[in-house]
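Coordinate analysis (summary)
Chain by chain, the residues:
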Amino acid sequence: MSESQEYKYIGQRTIRPDGFDKVTGRADFGADLSLPGMIWGKILRSPHAHARIKNIDTSKAEAHPDVMAVVTHQDFPAVSAGGFAVGEGQVDFKDLSRNVLADDKVLYHGHAIAAIAAKSEAAAEAALSLIEIDFDVLMPVLDIAEAMKPDSPLLHDDLFTQGLAEQPEKASNIASRMELKKGDVDAGFAAADVVVERDFSTPTVHQGYIEPHATTVRYDEDGQSMVWCSTQGHFDVRAIISTLLSMDLSKLKVVASEIGGGFGAKTTVYLEPVALMLSKKSGRPVKMAMTRDEVFRASGPGSATRSRVKIGATKDGTITAMQAQLNYAAGAFKGSPMGPGCMTAFTPYDVENMYVEGYDVVVNKPKAAAYRAPGAPQAEFAAEMAVNELADKLGIDPIEFRLQNAAKEGTQTIYGPQLKVVGLVECLEAAKNSPQYKQALAENQGRGLAAGFWFNIGGQSSVVINMKPDGTGTIVEGSPDIGGSRASMQMMAAETLGIDTSRLTPVVADTEHIAYSATTGGSRTTFATGMAVIEAAEDVVRQLKERAAAVWNVTVEQIDWADGVATNVASGDKLSVADICETADKTGGQVSGRANINARGAGPSFAVHLCDVEVDKETGKTGVVRYTAIQDAGKAIHPSYVEGQYQGGAVQGIGWALNEEYVYSEDGVMENAGFLDYRIPLSSDLPMIETVIVEVPNSFHPFGVRGVGETGIIPPLAAVATAVSDAIGVRMGDLPCSPPKVLKAIQDAS
Amino acid sequence: MAKVIFSSELQLLTGEDSVSIAATNYRDLVAELLLRYKKLSEGEILKMAVAIDGEVIPDPLLEPVPSNGEVHFLYRISGG
Amino acid sequence: MVSVVYEAPDSVQGAVALLAGAKIPARPLAGGTDLIIQLQAQKNEPCLVVDLKKISELMESTLDEEGLHLGPGMACAEFFSRDDIRSVYPGLVEAAQLIGSTQVQGRASVGGNLCNASPAADSIPALIANSASCVIVGPSGERRIAIEDFVTGVGENCLGKGELVRVIEVPRPADGTSDAYLRFIPRTEMDIAVAGVGASITLDDDGTCAAARISLGAVAPTAILVPAAAQALIGTKVDDEALLVLADAASAAAKPISDRRGTAEYRRHVVGVLAKRAASTAAERARGN
Amino acid sequence: MTKTHVTTTVNGEDTEFLCEPNETLLSVLRNELQLTGTKEGCSSGDCGACSVTMNGRLVCSCLVLGVEAEGAEIGTVEGVSNKENLHIIQEKFLEHAALQCGICTPGLIVSTKALLEENPDPTEEEVRYYLAGNLCRCTGYDKIIRAVMDSAEVMRGGA
């Protein structure tokens, strides 16, 4: 789409303000801070996927001269079960406390049991073997279907299924059930001429950020403890730690380092409370960093799913009913993204009759964390695969089929409200007009298309803009910048103030220097923190006008403000921002603008992706040969970073579709816990990722912004799997479409 | 009267899928719901997100409810 | 990581003396791309690490009338930038070029790849196809062994205490000969071979296959030479029909295991496909020679 | 265990350090020399975040022992720009928005510099394969490849 002419800064491709530090190696990430007197912490992890801990003997470790502190779950205060909303939705503090360090049971291979702080990293690592643990090894449950069986071994004796009409009497691995409905699916299927029904599955996957979790902390008995960490939300880290360690909020300062990727998984904590407890016990600052192996075994991952989808349509291409059962693996503790999965599965469609049922199931794998549009890729994969199959059966082009049934303004969603203005139809039209869709396929190639929907969220953001005497300003925000959001903040402030972006410096402040701001997640930052930036900049403008009026001894009504210049309407005299700031000391002191908001009106973002693959039919290996990602941004503040979100989401989705998966042994040990065998896409695996930014403005945001970060990971799963299916003539329902699986499908069909 | 539409989770506690409530703001509306449905707890309601006339409102305590408005309680979304 | 005693001798004799005299486990260090990861995984026993990179004769390769004298420590990146070597052994050079990323190639060596003795090592099938052997030097002098006999098991080789590989000798191929190496990985780079095939094919003047050596990697505890696969080609024009027989012979000879990188069934199938393709490429090259 | 004294050159400066013989060059750079621009992503040579040059050749510093740096010339991201200006590659990474979180960026900058010194006029495919050992999870590589191709063109004097 054309980049708008009406704005001076918004829509430009400026250089990001934190860029210099990041290309020179100066930017400090989670593991980059060292403190005087600092020692190192390491975690002892479970060698079993499921076991009862009968006894932990730490005496030998404690006696070792290099060891400064040892902690186990027993060092932490008891925490009652209860909720708190962060990235994953609801976090249960009791579960989180038991995930950070196991209580009486270990629930996955790699589950943290104890931690040691020692004089060096090597000494801490070596001393772990001095801790003696007596286990009672139990049978692990890894598969969702197995875990749901009534006679399955139980992970938690006290877990009773929520969401049933009657309170169950027996504990279960099913943590909760959810049901959403609209219309009458039975009647809908009765009215259908063609019905498709199929099972699907997706594997456990990891978010795969390149920076392992890392933190440096300093506990201060009298004053304020400091936690430096790589996180998407340091205010929520503060809240979690204060609960888990039973500390006053005021006794904790959390500093967000630069963050080397998170994709949802850095919305919770793993090391931070443990490090702080080690620091408390040792009296020394403590650094902890996970190894890559630990990242795979004990952080993240994204939920595995098993699902069944049924869709019916009339011959003319009207979908009459959509039905799904979606089962999500939560990992060791309840709380998979089953809810948003159920809500998003069919939302791209304006269909009268829908029914979705979801199950949240615990298994002996690491507790699932949010992963980019949590829950939606798995659900919409199943739904989109079925929609494509139905389009095929009806002999209707998949874009036309979607256009005929597309969600639009006023569509009643299955989860509650009607949709406001959305851009799905525009994305579908763009797909139809894309060069890729018009290009013919070569031999052994196939094409797939899929749509995706994600809500996006608003929430609390706080911003202060401090003007300096030279007319430059500092934008103080509380949202960790995970992908270039400082650039967007700078541009929105520049646009509002009418001064050049180079005159504004965005700073992500710690928890002491700005008021609460919600976690960077849910594609909220450019939308919600952006709204706060605009409001704070408007506050600055209001004050600058007052100061100009004071200089000229006129009323504010006699000041005209445009492009960063105050004009005295009567005299025609002008004062720039710099002029006014320079004399601010004489008109009442320096100028600061402020906004503390709880943003609402987040605009959903729809996407449509097109994928062409080529399959080596002798080996089953798939290569992506062409890819186009189309998505509604509302308004692209910085188009390069919007495109980057589309491309990055697309490629994570391609990895999910083709090769990424946790491989487990029968006894529940992950066998591919490294980047060598957990195969994320490489530069050599991919073509350029073409993008189309559709702009259907979100009327609730001053510049029309919708979030863009998450939707892009949703369509690739079905787009890729449909393309593979098209190339080989067999429908692929189980991800990943790895070479052995594709080859088997080809062989079974012939 | 505002029309309140319950999620399937809340329907298990309310026994019906919707109800009309006379309230001018969210706080009063919740108070009325708690009076009407004994199984419903305040925690149960507060953990849900709310959409008033289609707009999802993160923390709606003081939010006005239009006289013929539509109020949905839904699963709270965050993100990744 | 285990604690380390580090030595960097400047002569082969010095290295042998250090390795032979070690009171603790001793490992020669070339590129370190396998060794350092292995040391990280070990916890308790200290290890003597003898860095060979200061020994210039181990770091150089020469090509003469007899063939290639490959210094076992030469970095792959240096090896595959040698166009003279590539023109004679394109398959062997391709195999070296497939070992790891650019970064790994800057350190990893063919000798290290050989001594690490992974079943999936890329250079080993290519060396075997080229009838390579290596000269082992140790406290009691030198001995020569064919590459197919050098590796004795998964991660195990025939080096005794104090021994190291001094040079890998690859005979100059007969006229009308060329080679190829292919491996299968799920991505395009950065993976360990699920299966690999080295092929060397000699064609006579009318394009009939006079000699062939086919070697398979990652489908048995060690890389294996498959005479039956070579036999499928000898006397043929390396046509489609012969290649199918070859593929079956390769699959039949494979004794793979199932692991995180692939199932036995899949490996057996894919090694046949690769054998067909590698032989076809080698033959194509031989026709051009 | 006694530490070993190592004399080396880092980014053209004579440098000395003490390290344990089992310490990696990555750890030495980050923990002994405080050159934290070199990042740790995997410590197994699989992600490229710790890429540095050693005697002109690109290596993963996690797969090099610190003691091996004796007498060597090490190049890290901190040495890519001169005191005055960013290197063209760094400018192009910024111009093309070739980074999102930025953790893989130092490794990619070092690798790109090594690539373009070896091959000033690479094809897109050559770039993609040369950089295959530098994982990026944010960008999908598109903008990185464009930044590298553009850098190459400018460095050749083309634009």
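Residues numbered from 1 in each chain as written. Chains lettered and ligands numbered in written order. Predicted model: local features only at pLDDT ≥ 70, side-chain atom pairs only at ≥ 80, totals over all residues. Heavy atoms only, no water.

1. Here's the deal with the overall build of chain C
- A count of helices and strands for chain C gives 12 helices and 14 strands.
- By residue count, 58% of the 289 residues in chain C fall in the buried class.
- When contacts within chain C are restricted to residue pairs at least 6 apart in sequence, long-range pairs at least 24 apart make up 59% of them.
- Carbon and sulfur atoms make up 52% of the accessible area of chain C, which amounts to about 10,800 Å² in all.
- In chain C, 26 side chains carry a positive charge and 35 a negative one; their mean positions are 7 Å apart. (Helix = DSSP H or I, 4+ residues; strand = E, 2+ residues; numbered from the N terminus. Buried < 20%, exposed > 50% of the residue type's maximum accessible area, 1.4 Å probe, protein only. Contact = heavy atoms within 4.5 Å. Areas by Shrake-Rupley, 256 points an atom, 1.4 Å probe, with all protein chains shown as cover. Lys, Arg positive; Asp, Glu negative; His and termini not counted. Charge placed at Lys NZ, Arg CZ, Asp CG, Glu CD.)

2. Focus: empty space enclosed by the protein
All names here are of chain A.
- Using the criterion set out here, one finds 12 cavities of 30 Å³ or more in the structure.
- In this structure, the largest cavity spans a volume of roughly 550 Å³.
- Taken together, 37 residues line the largest cavity, and the ones lying closest to its centre are Ile482, Thr526, Gln645, Val708 and Gly709.
- Only helix H15 (485–497), helix H16 (525–552) and helix H18 (639–658) provide two or more residues apiece to the lining of the largest cavity.
- Partitioning the lining of the largest cavity into residue classes produces 12 nonpolar, 19 polar and 6 charged. (1 Å grid on protein atoms, 1.4 Å probe; cavity = no way out; pocket = protein on both sides within 12 Å on 5 of 7 lines; lining within 4 Å. Points joined across faces, edges and corners; volume = space filled by probe spheres on them. Nonpolar A, V, L, I, M, F, W, Y, C, P; charged D, E, K, R; others polar.)

3. So, the interface of chain A and chain C
- Counting residues at the interface gives 22 residues for chain A and 18 residues for chain C.
- When chain A packs against chain C, close to 1,900 Å² is buried across both sides, 50% of that on carbon and sulfur atoms.
- Considering only the surface of chain A that becomes buried against chain C, Glu618, Lys621 and Arg679 of chain A emerge as the three largest contributors, covering 29% of it.
- Counting every contact that joins chain A to chain C gives 6 salt bridges.
- The closest approach of N and O atoms between Glu618 of chain A and Arg277 of chain C, which form a salt bridge, is 2.8 Å.
- Applying the counting rule to chain A against chain C returns 15 residue pairs in polar contact (both at pLDDT 80 or more).
- Among the elements that take part in the side of chain A that touches chain C, helix H20 (residues 739–749) of chain A stands out by supplying 4 residues, more than any other.
- Broken down by class, the residue content of the side of chain A that touches chain C amounts to 9 nonpolar, 5 polar and 8 charged. (Buried area = accessible area lost by both parts, 1.4 Å probe. Salt bridge = Lys/Arg side-chain N within 4 Å of Asp/Glu carboxyl O. Polar contact = N/O pair within 3.5 Å; in protein donor to acceptor, adjacent residues only side chain to side chain.)

4. Digging into helix H2 (residues 26–36) of chain B
Residues and elements named next belong to chain B.
- Inspection of H2 places Tyr26, Leu29, Val30 and Leu33 among the buried residues, and these make up the whole buried set. In a view along the axis of H2, the buried residues occupy a sector of 95 degrees, so they form one face of it.
- Its buried side turned inward, H2 meets strand E1 (2–5), strand E2 (18–21), helix H3 (42–46), strand E3 (49–52) and strand E5 (70–74). (Arc of directions from axis to C-beta.)

5. Re the packing of helix H2 (residues 88–95) of chain D against helix H3 (residues 105–118) of chain D
All names here are of chain D.
- For the pair H2 and H3, interaxial distance at closest approach is 10 Å and the crossing angle is 125 degrees. Compared by their axis directions, H2 and H3 come out oblique. Considering how the two elements wind past one another, H2 and H3 form a crossing that is right-handed. Judged by residue contacts, Ile89, Gln90 and Phe93 of H2 engage Thr105, Leu108, Ile109, Thr112, Lys113 and Leu116 from H3.
- Within the contact of H2 with H3, the residues separate by chemical class into 5 nonpolar, 3 polar and 1 charged. (Axes fitted to C-alpha atoms, helices over the stretch in contact; angles between N-to-C directions. Parallel < 35°, antiparallel > 145°, perpendicular 65-115°, else oblique. Left-handed = near helix turned anticlockwise from the far one by under 90°.)

6. With respect to the side chain of Lys182 of chain A
Residues and elements named next belong to chain A.
- Structurally, Lys182 can be placed in strand E9 (residues 174–182).
- Although Lys182 is buried, it makes no salt bridge; Asp350 carries the closest opposite charge, 4.6 Å away.
- Of note is the side chain of Lys182, whose polar atom sits 2.7 Å from the backbone oxygen of Gln412.
- Excluding residues that lie within four positions of it along the chain, Lys182 makes contacts with Val351, Glu352, Asn353, Met354, Gln412, Thr413 and Ile414.

7. Focus: the interface of chain A and chain D
- Listed per partner, the contact involves 52 residues of chain A and 44 residues of chain D.
- Summed over both sides, the interface of chain A with chain D buries roughly 3,900 Å², with 59% coming from carbon and sulfur.
- Put simply, chain A and chain D have 4 salt bridges between them.
- For Arg137 of chain D, the salt bridge goes to Glu660 of chain A, with nearest N and O atoms at 2.8 Å.
- Run the count over chain A and chain D and you get 21 residue pairs in polar contact (both at pLDDT 80 or more).
- Of all elements in the fold, only helix H1 (19–24) and H18 of chain A reach the threshold of two or more residues within the side of chain A that touches chain D.
- The element best represented in the side of chain A that touches chain D is H18 of chain A, accounting for 9 residues.

8. Observations regarding the nonpolar core
- In this structure, Phe346, Tyr627, Val724 and Ile728 of chain A together with Phe93 of chain D are the most contacted members of the largest nonpolar core, which totals 199 residues.
- With 11 residues, the top contributor of residues to this core is helix H11 (residues 376–394) of chain A.
- Non-local contacts of Phe93 of chain D, meaning those with residues more than four positions away in its chain, are made with Val23 of chain A together with Ala98, Leu99, Thr105, Leu108, Ile109, Thr112, Ile144, Ala147 and Val148 of chain D. (Core = buried A, V, L, I, M, F, W, Y, C linked by side-chain atoms within 4.5 Å.)

9. Details of the sheet that holds strand E13 (residues 209–217) of chain C
All names here are of chain C.
- Read across the open sheet, the 4 strands follow the order E11-E12-E13-E14; overall the sheet is antiparallel. With partners counted over all chains shown, the strands left at the sheet margins are strand E11 (177–184) and strand E14 (224–225), one partner each.
- Two elements, strand E12 (residues 195–203) and E13, share 8 bridges in a ladder whose sense is antiparallel. Bridging across to E13, Ser200 finds its partner in Arg213. (Pairing = 2+ DSSP bridges.)

10. Brief notes about the environment of Leu246 of chain C
All names here are of chain C.
- Relative to the helices and strands, Leu246 is located in helix H11 (residues 240–253).
- Between the C-alpha atoms of Leu246 and Ala228, which are 18 residues apart in sequence, the distance is 7.8 Å.
- In contact with Leu246, not counting residues within four places along its chain, are Ile214, Ala229, Ala232, Leu233, Ala275, Lys276 and Ala279.

11. Some thoughts on H15 of chain A
All names here are of chain A.
- Between its terminal C-alpha atoms H15 stretches 18 Å, which fits the 18 Å expected from 13 residues at 1.5 Å a residue.
- A large share of H15 lies buried, amounting to 13 of its 13 residues.
- With its phi angle positive at about 75 degrees, Gly498 sits one or two positions after the end of H15. (Expected span 1.5 Å × (residues − 1).)

12. Digging into the pattern of salt bridges
- Evaluation of the coordinates by the stated rule reveals 75 salt bridges over all chains.
- The salt bridge partner of Asp18 of chain A is Lys22 of chain A, with a shortest N-O separation of 2.7 Å. The burial state of Asp18 of chain A is the same as that of Lys22 of chain A; both residues are buried.
- Note that Arg143 of chain C and Glu163 of chain C form a salt bridge whose closest N and O atoms lie 2.7 Å from each other. Of the two residues, Arg143 of chain C is situated in strand E7 (residues 141–146) and Glu163 of chain C in the loop between strand E9 (156–157) and strand E10 (164–171); the sequence distance between them amounts to 20 residues.
- Looking at Arg143 of chain C, the relative accessible area reads 33%, which means it is partly exposed.
- Members of the salt-bridge network, linked through shared partners, are Arg16, Asp18, Lys22, Glu258, Asp481 and Arg486 of chain A.

13. Some remarks on the packing of H11 of chain A against helix H19 (residues 715–728) of chain A
Residue and element names in this part refer to chain A.
- Across the interface, H11 lies against H19 with an axial gap of 8 Å and an inter-helix angle of 40 degrees. Comparing their axes, H19 and H11 come out oblique. In this structure, H11 meets H19 at a crossing whose hand is right-handed. Between H11 and H19, the contacting residues are Pro377, Gln378, Phe381, Glu384, Met385 and Asn388 on the first element and Leu717, Ala718, Ala721, Thr722 and Ser725 on the second.
- Here the residues of the contact of H11 with H19 sort into 6 nonpolar, 4 polar and 1 charged.

14. Considerations on the arrangement of the chains
- There are 4 pairs of chains in contact here, and the one with the most contacts is chains A and D.
- The two units chain B and chain C are non-contacting; their minimal C-alpha-C-alpha distance is 27 Å.
- A minimum C-alpha distance of 14 Å separates chain B and chain D, which share no contact.

15. So, the environment of Thr496 of chain A
- Assignment of secondary structure puts Thr496 of chain A in helix H15.
- When the C-alpha atoms of Thr496 of chain A and Val476 of chain A are compared, they prove to be 16 Å apart, with 20 residues separating the residues in sequence.

16. A short note on the domain arrangement of chain C
- Domain annotation of chain C identifies domain 1 (4–51), domain 2 (61–171) and domain 3 (177–288).
- Distance between the C-alpha centres of domain 1 of chain C and domain 3 of chain C: 35 Å. (Domains from an automatic or database assignment.)

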